[in-house]
Amino acid sequence: MADRKHIILDAAISVIARKGLGGLRVEEVAERAGVAVSLLYYHFDNRRGLVRATLEHANERAAQTIKDLSADQRTGAELIITMLLAELEDPAQARELSVLWSEVMASAFFDPSLRDQLAEASDRWAALVADAVWRGQEDGSIGALTAPADLAALLTSMVDGLSARWLAGLITRERARELLAMSVMSMLGIHHATVSRP
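All values reported here derive from a predicted model rather than from experimental measurement.

Focus on the confidence of the model for the chain
Part 1: Looking at the chain, pLDDT values average 86 and 94% of them are 70 or higher.
Part 2: Element-level pLDDT for the chain is lowest in helix α6 (residues 92-110), with a mean of 81, against a maximum mean of 94 in helix α2 (residues 26-33).
Part 3: Ignoring residues within four places in sequence, the model shows residues 193-198, a span with pLDDT below 50, making 15 contacts including any to other chains.

Re the packing of aromatic side chains
Part 1: Per the stated rule, a full pass over the model turns up one aromatic pair.
Part 2: Geometrically, the ring pair formed by Phe109 and Phe110 is edge-to-face, given 4.9 Å between the ring centres and 85 degrees between the ring planes.
Part 3: Owing to a relative accessible area of 62%, Phe109 belongs among the exposed residues under this scheme.

Quick notes on the nonpolar core
Part 1: Counting 33 residues, the largest nonpolar core has Ile80, Met83, Leu84, Val129, Leu155, Leu180 and Val184 as the members making the most contacts within it.
Part 2: Put simply, the parts of the chain that give this core at least two residues each are α4 (47-70), α5 (76-86), α7 (115-139), α8 (148-167) and α9 (173-188).
Part 3: Beyond its immediate sequence surroundings of up to four residues, Val129 is in contact with Met83, Leu84, Ala152, Leu155 and Thr156.

A short note on the pattern of salt bridges
Part 1: Overall, the coordinates contain nine salt bridges when judged by the stated rule.
Part 2: Across the pair Asp111 and Arg48 runs a salt bridge whose closest N-O atoms are separated by 3.6 Å. Linking Asp111 in the loop between α6 and α7 with Arg48 in helix α4, this pair joins segments that are 63 residues apart in sequence.
Part 3: Owing to a relative accessible area of 48%, Arg48 belongs among the partly exposed residues under this scheme.
Part 4: The residue Glu120 makes a salt bridge to Arg124 at a minimum N-O spacing of 3.7 Å. One end of the pair is Glu120 and the other is Arg124, both in helix α7 and four residues apart, which spans about a single turn.
Part 5: Judged by its relative accessible area of 47%, Glu120 is partly exposed.
Part 6: Overall, the relative accessible area of 33% leaves Arg124 in the partly exposed class.
Part 7: Because the salt bridges share partners, they merge into one network encompassing Arg18, Lys19 and Glu28.

Reading the values: the criteria
Residues numbered from 1 in each chain as written. Predicted model: local features only at pLDDT ≥ 70, side-chain atom pairs only at ≥ 80, totals over all residues. Heavy atoms only, no water. pLDDT = per-residue confidence, 0-100. Helix = DSSP H or I, 4+ residues; strand = E, 2+ residues; numbered from the N terminus. Contact = heavy atoms within 4.5 Å. Phe/Tyr/Trp six-rings, centres within 6.5 Å; stacked < 30°, edge-to-face > 60°. Buried < 20%, exposed > 50% of the residue type's maximum accessible area, 1.4 Å probe, protein only. Core = buried A, V, L, I, M, F, W, Y, C linked by side-chain atoms within 4.5 Å. Salt bridge = Lys/Arg side-chain N within 4 Å of Asp/Glu carboxyl O.

Shown next as structure tokens:
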């Protein structure tokens, strides 16, 4: 049953990525997932429950990607650059997650019920980045001048801003990646780093 639930949540991510949160229709998610509409209501009670579960599922997918990257033998600085650039990848899955995140952030302005979950997800992401900063400070690839949590808040905010500009068509993905890499390296005091694709 968990596999079917994941299929539904993946379908919801795809629908939101194509039509926005306002265009999310339970019937379309069910059709895309190949299940009956009643199954969505069984698992999620209502549209709001589906949105909340979809955000949680997206955050779990993103966190798993970061954990997979962290398992590699990279310096903390290389890990940070790689994990942040992964947020601006072009493959459909990365783009879908970026659109979903942007949509939920914008919707939270009008729907306070999303704010707590959004804050929790944002805090989890920042904590993963802070762990990489700490790792870099321990291995000497990042100076210890800034507290890991503060640096993580700055870095994740920068990714959010560049991602929103890319998704809105204001800059290309390549330019967003270039600006992000340049800014991160400058903030971390790095002149050269090996950046690999996730």
